[in-house]
Amino acid sequence: MYETKLHQLVNNCLQECEINIGGEDNLFYTRFVANTSAIHFLYNELYQDRAAADFKVLISCIIAAYKSRSSILKAKDLAKEREGHWYLSNHITGMSLYVDKFCGNLENLEDKLGYFKKLGVNLLHLMPLMESPEGESDGGYAVSDFRKVDKKFGSTENLVELQQKMINEDMYLMLDVVLNHTSHKHEWAMKARAGDKCYQDYFYMYQDRTVPDEFEKTMPEIFPESSPGNFTWSDECKQWVMTVFHGYQWDLNYKNPEVFMEMLEVVFFYANHGVDILRIDAPAFIWKELGTTCQNLPKAHTILRLIKQCIEIATPGMALLGEAIVAPNEIMKYFGSGSFTSKECDFAYNATQMALQWDALATGNTKIMLAAQHELLQKPFGTSWITYVRCHDDIGLGYDDYMIRNAGFNPYEHRKFLKEYYSGSYNLSPASGALFSVNPKTQDARISGTLASLCGLEKAINSGDDSFIATSINKILLMQAHSLLLGGIPMLFYGDEAGYTNDYSYKNDPATSYDNRWMHRPIIDWTKNKKVDKEGTVEQQIFSGLQKLINIRKSYPAFGDFKNLTWVAAHNDHVAIYLRTFDEEKVYCLFNFSAETAYLSWDIFRQNGPASDSLVECISGKSYQLLSGAENIVLPAFKFYIMKSG
Ligand code: GLC
């Protein structure tokens, strides 16, 4: 659509900034023209009563971001654009890690790139690196300076150096932007506390409890144990401040366009530091309205869409991941809807599937997992999941009650069992984890614990029982395989590749003792990690199992995420089977979540069109002839097969 005034405004700004629209900047110009109306529309949806001059500030911000983008990054943008949907590829495998806990600092991380390569990891999600006050940091998610690397990790120059090295090694970088809040030690919060009205408008601040009490009526609590309520009293400025997460994390007020502009500049700052995927922390919370839960509100989506369109113009090589850990029907909206379908976040975490895998592992039953798939398959083409078995956060059992009911279970009793199973309070459970954020009012709770401990390895090692250890390793690899091959970028969590069990030392440090998520955020001991090369060790078995899986995933385009996933009926509740396809390529993935051997019919390979006569199991390399439906394919307890048409 051509909008005379709007396009004149854009053209004038471009000319003022000496953009060469017919020459080297032509693609930028084309993208600008293509997105101008959408940006204007979205901006007005948020700030309709603002003057046109404000919109000009937005235009200038986009131009400035483009102008300061390096030629290397512009070339990378172009290469990604030519590849088309580069982030859907089966060639990307990620790992999330805390730099300090992994290897001390950013400089040391440069020397560890070989370790990632050996495993097959080529995308690094570096957990929050920006300045954050010691002792009140929420693992770096309470940021006091969005543009300065915290000195405990090194310097901003170290980050630049690492990023350049990663480009040379064909690796991708993912960083966080914490949009929802700042640390109470951020300059804006300090000024607000000192009484500066302009900065008080950056936050939600109230002199008495009237409005906070109204909000509290409908807002759930995020950390009911360690930080109950959603407001914190600031004695310095005598105001109640909205603090949805911890009391030291002050929620930003996006009703104020200044806040949006400040944070958009921050987003561009990361883009121009070479970030390939920007993880937007807690986007579900960024818009608040009285009388609502203040989560997943339509205007939170407007903000994300606006950011996405701006990025597409200035720094198009950066994809967006919305870290929304929300119900299945809400998560789809983060990929955009209506005319903005596939134009909001490029990625979301597949948190439902992650939790459902844990459900299947505890119960040995895949019915609930399968009952959820019709919703997850709604994800639009061109968007993708981050698939994972766990991350730095807790595991929430947030899938819908109806999914549990449809599978024939009672939701309350079922969740109670899972919580008891993983926290180890159920006697027969092999898992050692803990309940996180127990809410006595709602009985809600989430689960903490490392992959290995939740799969029984901690108890198995303590018992010294070799077959218990072997079963735990099988479970670990089963969980990883299911998540790695499903579609989307698999995001491993550091330490899991070497079988790290829970670290209970967090209890001794007042900065972490109130938050048991620290039990699954290990400090890497490189003597232990060296064992990944020593045949027969637990570390080696897990590491090499993962290595193989990553390799297999990279070998077949069917593992890319092109809406090419079909669930196959196993006719056995213990087993989940999905088929991945690409052109003529067909790969069947079979997972037995139970402690019993499964006997499956060969007809499963005939459900989805003509089957070839022979199949190869990719891990063992063994060939199979497709037999009649009356004969069985035997899948041992906690094992998986990756069967490719021969
Ligand atoms: C996200 C992070 C979590 C943090 C929260 C508040 O959910 O993953 O670790 O506590 O945001 O920033």
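You'll find the structure just up there.
The rules behind each value
- Residues numbered from 1 in each chain as written.
- Predicted model: local features only at pLDDT ≥ 70, side-chain atom pairs only at ≥ 80, totals over all residues.
- Heavy atoms only, no water.
- Phe/Tyr/Trp six-rings, centres within 6.5 Å; stacked < 30°, edge-to-face > 60°.
- Buried < 20%, exposed > 50% of the residue type's maximum accessible area, 1.4 Å probe, protein only.
- Lys NZ or Arg CZ within 6 Å of the ring centre and 35° of its normal.
- Helix = DSSP H or I, 4+ residues; strand = E, 2+ residues; numbered from the N terminus.
- Pairing = 2+ DSSP bridges.
- Right-handed = clockwise from strand over helix to strand, strands pointing away.
- Near = heavy atom within 4 Å.
- Polar contact = N/O pair within 3.5 Å; in protein donor to acceptor, adjacent residues only side chain to side chain.
- Areas by Shrake-Rupley, 256 points an atom, 1.4 Å probe, with all protein chains shown as cover.
- Nonpolar A, V, L, I, M, F, W, Y, C, P; charged D, E, K, R; others polar.

If you had to explain the packing of aromatic side chains to someone new, which residues and values would you point to?
Working definition: an aromatic ring pair is given by the centre-to-centre distance plus the angle between the planes. This structure, assessed with the given rule, holds 47 aromatic pairs. Between the aromatic rings of Tyr 115 and Phe 116, the centroid separation amounts to 6.1 Å while the plane-to-plane angle is 75°, which identifies the pairing as edge-to-face. Neither Tyr 115 nor Phe 116 differs from the other in exposure class; each is buried. Ring pairs connect the aromatic residues Tyr 98, Phe 102, Tyr 115, Phe 116, Phe 493, Tyr 494, Trp 518, Trp 526 and Phe 543, which therefore count as one cluster. Between Lys 475 and the ring centre of Phe 638, over which it is positioned, the NZ or CZ distance is 4.9 Å.

Any chance you could break down the pairing of strand β12 (residues 319-323) for me, citing the residues and the numbers?
For β12, a buried count of five out of five residues is recorded, marking the element as mostly surrounded by other parts of the structure. On β12, burial covers both faces: Ala 319, Leu 321 and Glu 323 on one face and Leu 320 and Gly 322 on the other are all buried. Here strand β11 (residues 277-281) runs beside β12; their pairing, made up of five bridges, is parallel. Bridging across to β12, Asp 281 finds its partner in Glu 323. Each parallel crossover has a hand, and the one from β11 via helix α13 (residues 298-314) to β12 is right-handed. Pairing geometry for β12 and strand β13 (residues 347-349), over two bridges, is parallel. Along β13, the bridge assignment pairs Gly 322 with Ala 348.

I'd like to hear about the site of the ligand, residue by residue, with values.
By nearness alone, every residue bordering the ligand is listed as Asp 138, Tyr 141, His 181, Phe 223, Phe 245, Gln 249, Arg 279, Asp 281, Glu 323, His 392, Asp 393 and Arg 517. Between the ligand and Asp 281, the relevant distance is 2.8 Å, taken from an oxygen atom to a side-chain nitrogen or oxygen of the residue. A distance of 3.0 Å is found between an oxygen atom of the ligand and a side-chain nitrogen or oxygen belonging to Glu 323. Starting from 310 Å² of accessible surface for the ligand in isolation, the protein chains cover 94%. Taken together, the residues of the shell around the ligand break down into three nonpolar, three polar and six charged.

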